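Structural overview
Residue strings, one per chain:
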Amino acid sequence: MSKVGKPLTLDDAKIDKIAAILDRGNFRYVVQQRLGISPRTFSSWVEKGKRDRLRREAGELDDSIYCRFIDRVEDAEAKAHQRLLQDVIEADDPKCKMWFLERRWNKLYSKNPNAVI
């Protein structure tokens, strides 16, 4: 007999915790592990957020918890990406800069120009 627990609910406090973890550059699976959110539940929230955002953009919906969730998740990931990339670019170590060039413009700078990154 499988054990069924109470469904995990999404609220603004949980969104704040999720965004804080992602803002540090962590992956979504780290959020899931740290906060005890199943991958299925997290994926469901993402899909609902994307769906509700489309409805909001079409004027069919003012706001929803799922809109706020996907907006904050994507914003936190983008901020972490931008901040960490800037750290690489500004690093004193030329290897960091070469690492960036190899990944950003791999056809020009990679040792393996056929590699797809």
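So, here is what we can say about the structure in this document. The residue count restarts for each chain, going from 1 along the sequence in the order it is written. At least 70 in pLDDT is required for a residue's local features to be given in this predicted model, at least 80 for side-chain atom pairs to be given and counted, and no such filter applies to totals for whole chains, interfaces and linings, which use all residues. Hydrogens and water are ignored here; the side-chain numbers use all heavy atoms of the structure.

1. Concerning the overall build of the protein chain
Counted only if it meets this: Secondary structure elements are taken from DSSP: a helix is a run of H or I of four residues or more, a strand is a run of E of two residues or more, and numbering for both begins at the N terminus. Any residue under 20% of the maximum accessible area for its type is buried, any over 50% is exposed, and the rest in between are partly exposed; the area is computed with a 1.4 Å probe on protein chains only. By the convention used here, residues are in contact when the closest approach between their heavy atoms is within 4.5 Å. Here the accessible surface of atoms and residues is derived via Shrake-Rupley with a 1.4 Å probe, and residues count as covered only by protein chains that are part of the display.
Each helix and strand counted, the protein chain has six helices and zero strands in total. When the helices and strands of the protein chain are placed in sequence order, the string is α-α-α-α-α-α. By residue count, 27% of the 117 residues in the protein chain fall in the buried class. Across the protein chain, every contact between residues at least 6 apart in sequence was considered, and the portion connecting residues at least 24 apart equals 40%. As displayed, the protein chain has an accessible area near 8700 Å², and 53% of this comes from carbon and sulfur atoms.

2. What about the nonpolar core?
Let me state the cut-off plainly: To form a nonpolar core, buried Ala, Val, Leu, Ile, Met, Phe, Trp, Tyr and Cys residues must be joined to one another through side-chain atoms within 4.5 Å.
Membership of the largest hydrophobic core comes to 17 residues, with the highest contact counts inside it found for Ile18, Val31, Phe42 and Phe69. Non-local contacts of Phe42, meaning those with residues more than four positions away in its chain, are made with Ile18, Arg28, Val31, Gln32, Ile37 and Phe69.

3. As for the environment of Arg53
Along the chain, Arg53 falls in helix α3 (residues 39-57). Distance in space between the C-alpha atoms of Arg53 and Ser64 is 8.5 Å, their sequence separation being eleven residues. For Arg53, the residues in contact, after removing those within four places along its chain, are Cys67, Ile70, Asp71 and Glu74.

4. Looking at the side chain of Asp52
Note the following rule: Two N or O atoms count as a polar contact when they lie within 3.5 Å, although within protein this holds only if one can serve as hydrogen donor and the other as acceptor, and sequence-adjacent residues are included solely when both atoms are side-chain atoms.
Note that Asp52 resides in helix α3. A polar contact is formed between the side chain of Asp52 and the side chain of Ser64, at a distance of 2.7 Å. Setting aside its immediate chain neighbours within four residues, Asp52 contacts Leu61, Ser64, Tyr66 and Cys67.

5. Topic: the pattern of salt bridges
Cut-off, in case you're wondering: Every case where a carboxyl oxygen of Asp or Glu lies within 4 Å of a side-chain nitrogen of Lys or Arg is listed as a salt bridge.
Inspection of every chain in the model, using the stated rule, returns 13 salt bridges. Here Glu74 makes a salt bridge to Arg53, at a shortest N to O gap of 2.8 Å. Taken together, the residues span a long stretch of sequence, with Glu74 in helix α4 (residues 65-90) and Arg53 in helix α3 at a distance of 21 residues. Of the residues examined, Glu74 reaches a relative accessible area of 29% and is grouped as partly exposed. Linked by salt bridges that have partners in common, Arg51, Asp52, Arg55 and Glu60 make up one network.

6. Brief notes about the packing of helix α2 (residues 28-35) against α3
When two helices pack together, you describe them by how their axes are tilted relative to each other and by the distance separating the axes. Inclusion rule: Axis lines are fitted to C-alpha atoms, over the contacting stretch for helices. Their N-to-C directions set the angle, which ranges from 0 to 180 degrees. Relative orientations are named as follows: roughly parallel for angles under 35 degrees, roughly antiparallel for angles over 145 degrees, roughly perpendicular for angles from 65 to 115 degrees, and oblique for any other angle. Rotating anticlockwise by less than a right angle from the far helix to the near helix defines a left-handed crossing, while the corresponding clockwise rotation defines a right-handed one. Charged means Asp, Glu, Lys or Arg here, nonpolar means Ala, Val, Leu, Ile, Met, Phe, Trp, Tyr, Cys or Pro, and polar covers whatever is left, Gly included.
It is the contact of α2 with α3, at a shortest axis distance of 10 Å, that shows an interaxial angle of 120 degrees. Taken as axis vectors, α2 and α3 run oblique relative to one another. Judged by the twist between their axes, the crossing of α2 over α3 is right-handed. Facing Arg28, Val31 and Gln32 of α2, the residues of α3 in contact are Pro39, Phe42 and Val46. Among the residues forming the contact of α2 with α3, the class breakdown is four nonpolar, one polar and one charged.

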